[in-house]
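Coordinate inspection notes
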Amino acid sequence: MSKSIDSFKTALSKIRTGRASTSLLENLLVDYYGSLTLISQVASLTLADARTISVVPWEKTMLGPVEKAIRESNLGLNPLNKGTVIMVPMPLLSEERRNEMVKIVKSDGEDAKIVIRNHRRDANDQLKKLVKAKELTEDQEKQGQAHIQKLTDHFIAEIDQLVDSKEKEVLKV
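All of the points below concern the structure found in this document. (Residues numbered from 1 in each chain as written. Predicted model: local features only at pLDDT ≥ 70, side-chain atom pairs only at ≥ 80, totals over all residues. Heavy atoms only, no water.)

1. Observations regarding the pairing of strand 6 (residues 86-89)
Pairing of strand 4 (residues 52-57) with strand 6, which is carried by four bridges, proceeds in the antiparallel orientation. Bridging across to strand 6, Thr-52 finds its partner in Pro-89. Where strand 5 (residues 80-81) meets strand 6, two bridges bridge the pair, whose relative direction is antiparallel. Across the sheet, residue Leu-80 finds its bridge partner in strand 6, namely Met-87. (Pairing = 2+ DSSP bridges. Helix = DSSP H or I, 4+ residues; strand = E, 2+ residues; numbered from the N terminus.)

Printed below as a string of structure tokens:
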């Protein structure tokens, strides 16, 4: 369940909020001499200011491919090549786009909750198998189910809290 939370946090970090974040670009793939490589392995990513990401390729020949990868990433970003550094300004989000982002966050949150509930179902099925094999008593099964439900409630509450904080971050002007 905690791995599901980590995965959800990673997905949330990739959702644009209007503020610059290097995690937005970390998983972009760049054509590095014929093979696709993560941008974080061919360039350093830093924040120039609150609305600009600075990308400095380690090899000058990688300026073009890095710029192309950012431009074609479907993130709506327009990188500016300044000779040795690529500046990526974060455009302001329109109200309509902010509302779309909130819908995406809520949808991803629901998907994460479904994954947590599936883990609960699998754990309860394991308990039933153990009871059937006479390795657990029915009382132990009930205690195990109560513990599993408590864990499920905890992780679902954590997902709700993450969704709420991301929603506030997206809607902040």
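2. Examining helix 1 (residues 2-13)
With 12 residues, helix 1 ought to run about 16 Å at 1.5 Å a step, and its terminal C-alpha atoms sit 17 Å apart, in line with that. Looking at the packing, one finds that the buried side of helix 1 touches helix 3 (95-132) and helix 4 (138-171). (Expected span 1.5 Å × (residues − 1). Contact = heavy atoms within 4.5 Å.)

3. A closer look at the environment of Gly-109
Mapped onto the elements, Gly-109 comes out in helix 3. Residues Gly-109 and Leu-12, spaced 97 residues apart in sequence, show a C-alpha to C-alpha distance of 9.1 Å.

4. Focus: the packing of helix 1 against helix 3
Here helix 1 crosses helix 3 at 170°, and the two axes come no closer than 10 Å. If you check the angle between helix 1 and helix 3, you find them roughly antiparallel. The residues of helix 3 that touch helix 1, namely those facing Ser-4, Phe-8 and Leu-12, are Val-105, Asp-108, Gly-109, Ala-112, Val-115, Ile-116 and His-119. For the contact of helix 1 with helix 3, a count of residues per class yields six nonpolar, three polar and one charged. (Axes fitted to C-alpha atoms, helices over the stretch in contact; angles between N-to-C directions. Parallel < 35°, antiparallel > 145°, perpendicular 65-115°, else oblique. Nonpolar A, V, L, I, M, F, W, Y, C, P; charged D, E, K, R; others polar.)

5. Observations concerning unusual backbone geometry
The backbone of Tyr-33 sits at a positive phi, close to 50°, despite the residue not being glycine. Note on placement: Tyr-33 falls in the loop between strand 1 (29-32) and strand 2 (35-38). Among the residues examined, Tyr-33 registers a relative accessible area of 58% and is labelled exposed. A positive phi angle, close to 65°, is found at Lys-134, a residue other than glycine. (Buried < 20%, exposed > 50% of the residue type's maximum accessible area, 1.4 Å probe, protein only.)

6. Regarding the pairing of strand 3 (residues 43-49)
Note that strand 3 and strand 4 share six bridges and pair antiparallel. Pairing of Leu-47 across the sheet is with Ile-53, part of strand 4. Between the end of strand 3 and the start of strand 4, which pair antiparallel, lie two residues.

7. Describing the sheet that holds strand 6
The sheet built from four strands is open, its strands ordered 3-4-6-5 with antiparallel pairing. Across the chains shown, the open sheet's two edge strands, defined by having one partner strand only, are strand 3 and strand 5. Running at roughly 15° to strand 6, helix 2 (residues 63-71) makes contact with strand 4, strand 5 and strand 6 of the sheet.

8. Side note on the nonpolar core
Grouped together as the largest cluster of nonpolar side chains are 20 residues, with contacts concentrated most on Leu-25, Ile-39, Val-55, Val-66, Ile-70 and Val-88. Sorting the residues of this core by element identifies strand 3, strand 4, helix 2 and strand 6 as the ones contributing at least two each. Counting residues per element, this core draws most heavily on helix 2, which supplies four residues. Beyond its immediate sequence surroundings of up to four residues, Ile-70 is in contact with Leu-25, Leu-28, Ile-39, Val-55, Leu-77, Pro-79, Ile-86 and Val-88. (Core = buried A, V, L, I, M, F, W, Y, C linked by side-chain atoms within 4.5 Å.)

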